Amino acid sequence: MPTLSARVFRFVLRHTVGRRFRHDVLSVAELRRLDAALIRAQRPPRGTTVAPETIGTLPAEWVHGPGAEGDAAVLYLHGGAFVAGSPATHRELAARVSRAAGAPVLSVDYRLAPEHPFPAAVQDAERAFRWLLDHGHAPERLIVGGDSSGGGLALQTLLTLRDGGVPLPAAAFFMSPVTDWVDLSSDSFAARATWDPLVTPAQCRYTASLYAGSPAADSPLLRPTQMDLSGLPPLWIHVGEDEILLGDAERLASRAAEAGVEVTFKVWPGMWHGFQAAARYVPEARQSLEELARFLRERLSEARGASGVGQEPAE
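The rules behind each value
Residues numbered from 1 in each chain as written. Predicted model: local features only at pLDDT ≥ 70, side-chain atom pairs only at ≥ 80, totals over all residues. Heavy atoms only, no water. Pairing = 2+ DSSP bridges. Helix = DSSP H or I, 4+ residues; strand = E, 2+ residues; numbered from the N terminus. Axes fitted to C-alpha atoms, helices over the stretch in contact; angles between N-to-C directions. Core = buried A, V, L, I, M, F, W, Y, C linked by side-chain atoms within 4.5 Å. Buried < 20%, exposed > 50% of the residue type's maximum accessible area, 1.4 Å probe, protein only. Contact = heavy atoms within 4.5 Å. Parallel < 35°, antiparallel > 145°, perpendicular 65-115°, else oblique. Left-handed = near helix turned anticlockwise from the far one by under 90°. Nonpolar A, V, L, I, M, F, W, Y, C, P; charged D, E, K, R; others polar. Expected span 1.5 Å × (residues − 1). Polar contact = N/O pair within 3.5 Å; in protein donor to acceptor, adjacent residues only side chain to side chain.

> Even after reading the chapter, I still don't get the sheet that holds strand β5 (residues 142-147), so can you show me in this structure?
Hydrogen bonds between backbone atoms are what pair the strands of a sheet, whose relative direction is either parallel or antiparallel. The eight strands are arranged β1-β2-β4-β3-β5-β6-β7-β8 in an open sheet whose pairing can be described as mixed. Looking at which strands have only one partner, the edges of the open sheet turn out to be β1 (49-55) and β8 (263-268). Put simply, the sheet's adjacent strands are angled 20° from each other on average, direction ignored. Pairing analysis gives five bridges linking strand β3 (residues 73-77) to β5, with the strands arranged parallel.

Given below as structure tokens:
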């Protein structure tokens, strides 16, 4: 059963921001206006530092959470349905991921739809990963991950890198990932439509059409879980039980495992889409990030050939 803190936060979420989503399909302009409120709400952990970076013409920022040291790095891809969001809207979550990994996070301001539909974001994410390699980061000391659409983008990026013969990172992580922008008809879309306090099927279909184009671009990357997933690094996937995108995460976990990929998968009872962003308030969100910390540090240690993992940071 969810904690009291989680139930209270969910109630507030459903009756504030969630009410706007559930009342109507928000336009791109309305979604982007929400970004300003998200930016104001960011409270990275004390000791976090942020520094701007430029990858060619692509804006990005380095986020160093407390204890982020050493030669490892995380490429983080923010959510926002591919039409909104930025490193600034996800700075607190990026800082918590940085603390979890014990490594700095490179958060990328990839191009957004509808101005820049698929495959612009994939091209930007691939460019960022190659830039890390070109700047001396060994692939076995790199992690790739993201939340929501950013999680889907992380999967698209891994497959693009693999098929391009680029060395892959030590591991990847996905928080409530979107994994299909063509067929939005998984069982959870109907079964969770009344339970999800934030995301609606209509909003998903609208933003997916902007990203994929109408008609959708003819690319298997728009349905990455239908592709061959063999050869991918270990994957960590956490998702809320009550979100309509539960089916997307389940599909990724099962298809990857079938392909022989190591998968750590967990469904959190009573949780909503992207609940880790509420780690300041919700114990389950903090626990999920603590489990991410164990996963990332173990994979980085294994890749380096170390005998043990680093100590997890205190909350």
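Let's pick the thread back up.
> Just to check I follow, could you spell out the nonpolar core for this structure?
As a rule of thumb, nonpolar side chains are buried together in soluble globular proteins. If you look at the biggest cluster of nonpolar residues, it comprises 99 residues, and the most contacted ones within it are Leu75, Leu106, Phe173 and Phe174. In terms of residue count, helix α5 (residues 120-134) provides more of this core than any other element does, seven residues in total. Contacts of leucine 75, omitting those with residues within four sequence positions, involve Leu106, Val108, Ala125, Ala128, Phe129, Leu132, Ile143, Val144 and Gly145.

> Quick question: what am I supposed to make of the packing of helix α4 (residues 91-101) against helix α10 (residues 283-304) here?
Working note: a packed helix pair is described by the angle between its axes plus the distance between those axes. Two numbers describe how α4 lies on α10: the axes approach to 7 Å, and their chain directions differ by 50°. By the angle between their directions, the pair α4 and α10 is classed as oblique. Seen along the crossing, α4 lies across α10 with a hand that is right-handed. Here Leu93, Arg96, Val97, Arg99, Ala100 and Ala101 of α4 come into contact with α10, specifically with Leu289, Leu292, Ala293, Leu296, Arg297 and Leu300. Of the residues assigned to the contact of α4 with α10, the class counts are nine nonpolar, no polar and three charged.

> It is not clear to me how helix α9 (residues 246-258) should be interpreted in this structure. Could you clarify?
An α-helical segment advances 3.6 residues per turn. Residues three or four places apart therefore align on the same side. An ideal rise of 1.5 Å per residue puts 18 Å on 13 residues; α9 measures up with 18 Å between its terminal C-alpha atoms. All of the buried residues along α9 are Leu246, Gly247, Asp248, Ala249, Arg251, Leu252, Ala253 and Ala256. Looking at the packing, one finds that the buried side of α9 touches α6 (149-163), β6 (171-175), α7 (187-191), β7 (235-240) and β8. Within two residues after α9, glycine 260 carries a phi angle of roughly 85°, on the positive side.

> What am I meant to see in the side chain of aspartate 124 here?
Mapped onto the fold, aspartate 124 is located in helix α5. A relative accessible area of 1% means that aspartate 124 is categorised as buried. At a separation of 2.9 Å, a polar atom in the side chain of aspartate 124 contacts the main-chain amide nitrogen of arginine 111. Among residues more than four places away in sequence, those in contact with aspartate 124 are Leu58, Tyr110 and Arg111.

Nothing here speaks to function; it is all geometry.
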